[in-house]
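# Descriptive structure summary
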Amino acid sequence: MENVTARGVLFNPRGAPLLLLGCANPLHEWALIRAIIAEVEEVVKKGYKVDEVTVYLGELQNVDKSVMEAYLNEAIPQIAPGAQVRYETEPARFRCRVCGREWGLDAVELDEATREAIHFVPEAVYSFVRCPFCGSRDYEITQGRGVRLALVTSRRQEETGETR
Amino acid sequence: MENVTARGVLFNPRGAPLLLLGCANPLHEWALIRAIIAEVEEVVKKGYKVDEVTVYLGELQNVDKSVMEAYLNEAIPQIAPGAQVRYETEPARFRCRVCGREWGLDAVELDEATREAIHFVPEAVYSFVRCPFCGSRDYEITQGRGVRLALVTSRRQEETGETR
Amino acid sequence: MLSKVKAVVPVMSAKGGVGKTLVAVLTALHAARMGRRVGLLDLDVTSPSAHIALGVDPQKLQPEERDGVVPPDVAGVKFMTVAFYTWDKPTPLRGPAVDDAIREVLAVTNWGELDLLVVDTPPGLRDEALDVLEYLPRPRVLAVATPSRLARAGVERLLAILEEQGLERYIVENMAIGAVGLEELAEKYHARYLGRIRYD
Amino acid sequence: MLSKVKAVVPVMSAKGGVGKTLVAVLTALHAARMGRRVGLLDLDVTSPSAHIALGVDPQKLQPEERDGVVPPDVAGVKFMTVAFYTWDKPTPLRGPAVDDAIREVLAVTNWGELDLLVVDTPPGLRDEALDVLEYLPRPRVLAVATPSRLARAGVERLLAILEEQGLERYIVENMAIGAVGLEELAEKYHARYLGRIRYD
Ligand SMILES: Nc1ncnc2c1ncn2[C@@H]1O[C@H](COP(=O)(O)OP(=O)(O)O)[C@@H](O)[C@H]1O
Ligand SMILES: Nc1ncnc2c1ncn2[C@@H]1O[C@H](COP(=O)(O)OP(=O)(O)O)[C@@H](O)[C@H]1O
Ligand SMILES: [Mg+2]
Ligand SMILES: [Mg+2]
Ligand SMILES: [Mg+2]
Ligand SMILES: [Mg+2]
Ligand code: NI
Ligand code: NI
Ligand SMILES: [Zn+2]
Ligand SMILES: [Zn+2]
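Read on for an overview of the structure. (Residues numbered from 1 in each chain as written. Chains lettered and ligands numbered in written order. Predicted model: local features only at pLDDT ≥ 70, side-chain atom pairs only at ≥ 80, totals over all residues. Heavy atoms only, no water.)

### Quick word on the overall build of chain A
- Along its length, chain A carries four helices and seven strands.
- For chain A, the α and β elements follow one another from N to C terminus as β-α-β-α-β-β-β-α-α-β-β.
- Burial status across chain A gives 51% buried among its 164 residues.
- The long-range fraction of contacts in chain A, counting pairs at least 24 apart against all pairs at least 6 apart in sequence, stands at 76%. (Helix = DSSP H or I, 4+ residues; strand = E, 2+ residues; numbered from the N terminus. Buried < 20%, exposed > 50% of the residue type's maximum accessible area, 1.4 Å probe, protein only. Contact = heavy atoms within 4.5 Å.)

Laid out in structure tokens, this is it:
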């Protein structure tokens, strides 16, 4: 058993052949779904058996969970037979590098246009939000940024032996 | 009991009044010693009792351990009575962001002038060393960079109550 | 979503103010006028300025949500910038946040089929430059240089990295005033010299 | 070791190539000629260039180890740069490494008593700019700007941040060619306008 945790949004930057489900979805979430599928495919191609896929949905980016579920619950069993798919919502937390204090999204006010901008690029938060305690823009998003994946995998039987 | 771990070299950037031991040491290590002392002082001033100070000495920077010991074994008990001081040498490890492989200093060759440059600013390693597997300069120093401090502290009796 | 993009040309330099943004924008506009399917991506995520050179207001022009995010068309160029989301507000970012923003933009932008994707970048050998080399498929780097002595060390450092990574590299000399050219630099680092642009 | 430094003046701009390095070097040299005890620190750790403007070879000139690292004297200015350790080799660094390098340099440099420490910085709102605001005591920022339209958004973003952080701020206009000045920008962000430097 092995735990593969990847940071940030996952995608195959070198452009693996894209996938299945020939339907054009009108949402930007579709690109994130594709990125997740490409990542799982990549791990399968490397010879791992995927036992569990956990999709963390960060509160900051606020993606449409029902859209994610609708597609991923269909697609993942196709490319990783037997894999369990779980979803977890992660509250957004920030820690200031200047004063050291922490806060969540409930401590700040965001209008509709700002929420929309952050939905597409979560780092847009740095344009709109300052530390509520000291006013600094030098803070970290410690959790709940965007879409994140954790995979529990095992080596496939026929592939065991030396790992490169 | 509480564990305060700080990353990187520690120093008080805003320039707390500097310390004791009125002797001018001919080595650059002295500046690092001062930074450690300032950090411990700061924690004591905040009302913590320091039970243990661990000084990690990274293989990459290769500081003179005997100089560190000579001064810190004297100074730390003065500012943090009862504190145990420990030293640990940390081997340098690198992980490539491009090919994912890891290596240590034994995998690379460095001449005297290069070692000297890295001794003063460990990040100079990026000027001289590339990933031995794929040639990339895009790698992380995962451990053993430079001088690092870990403190084990407890709240002082008279100060317990609300923490700010 | 770069799988249907034929050529990726990042415009780079270790030094700022040498004309990267101007060269990137003019290259994209020129290619579009020649009938190529071309995209322009501003990866200067903390100080985007390609939209200013293009003369568009990032708050008015917005990408469409269609199987990802489809960049709007500006004078025949598909244009993408984080300024669509950060507007012209100050957006100071530390390295990991720059990297995350760039990964996000690359993951969600739906370029469709392109003959050429021009990528504007900020100066310096920082996360953005490393991300360009790490995430973009077969980058053919256009190094922008000026004849100035202060700029020269910067170009040399960039060309040295491109050469050691075995990447295709081209030099454009911008704001040429006198006669001293950068041809020998091109020769030293085996880059192709594409010629010079005069000072206005 | 900045405890005996009276004034810290970082020279900054969100845009590159506006003359930060030149302004920083000239300011330091001028102050030294006026009899001030002055230091110059190049915080452009991935593309240092102050040594080039000063005309020194970083491999020949080296700091002394004495109670830390004592910057060598160049024309009356105590000068410190990572180029003493990276020479002119390419040194691409991601954000956390930039931050570590800056902390290391600040921790080990023994400036002694100074009236003025001038700090050259790279362009952009990145780790270096955030470190300047976080680690340097009471920074009095000198924002360098040019009249160019592309540069203007950058200055505005920098001044907005300095104002919201309540920091002292000054503007110098460099490479002024025409007549349009930046005085109204200074007014808008309550910065002191220090005048302009003509194009050469
Ligand atoms: N060939 C040129 N002649 C005159 N001005 C130029 C030329 N190229 C660029 N500039 C000006 O120089 C400045 C910097 O150009 P820019 O494209 O923003 O550089 P960078 O993106 O490298 O920072 C801008 O004001 C731009 O208008
Ligand atoms: N007032 C000026 N007149 C003519 N050239 C200048 C002037 N100020 C700067 N330069 C030139 O512009 C270029 C960029 O200057 P530099 O100080 O390196 O900018 P930065 O540090 O902001 O990147 C250099 O080649 C420099 O010699
Ligand atoms: Mg630019
Ligand atoms: Mg832009
Ligand atoms: Mg400069
Ligand atoms: Mg320098
Ligand atoms: Ni969406
Ligand atoms: Ni030493
Ligand atoms: Zn704060
Ligand atoms: Zn590698």
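### Topic: the sheet that holds strand 4 (residues 93–96) of chain A
Residues and elements named next belong to chain A.
- On the basis of which strands lie adjacent, the open sheet formed by three strands has the order 5-4-6 and antiparallel pairing. Edge positions in the sheet fall to strand 5 (102–104) and strand 6 (139–143), since each of these pairs with one other strand and no more. Across the sheet, the mean angle separating the axes of adjacent strands is 30 degrees when strand polarity is ignored.
- As paired elements, strand 4 and strand 5 share three bridges and run antiparallel to each other. For R93, the partnering residue across the bridge sits in strand 5 and is G104. (Pairing = 2+ DSSP bridges. Axes fitted to C-alpha atoms, helices over the stretch in contact; angles between N-to-C directions.)

### What to know about the coordination of the zinc ion (ligand 10)
Residue and element names in this part refer to chain B.
- For the zinc ion (ligand 10), every protein donor is listed as C96 (SG), C99 (SG), C131 (SG) and C134 (SG), and the spread of their distances is 2.3 to 2.4 Å.
- Coordination at the zinc ion (ligand 10) comes from four donor atoms whose angles at the metal span 105 to 116 degrees, giving a geometry best classed as tetrahedral.
- In the primary structure, the donors to the zinc ion (ligand 10) are separated according to the pattern C-x2-C-x31-C-x2-C.
- Exposure remark for C131: the relative accessible area of 3% places this residue in the buried category. (Donors = N, O, S within 2.8 Å, 3.2 Å for Na, K, Ca; no water. Tetrahedral: all angles 85-135°; square planar, octahedral: opposite > 155°, others 65-115°.)

### Considering the environment of P96(D)
- Counting through the fold element by element, P96(D) comes out in helix 4 (residues 95–108).
- Note: C-alpha distance between P96(D) and D127(D) (31 residues apart in sequence) is 8.0 Å.

So, to be careful, I would describe these as geometric facts and stop short of saying anything about function.
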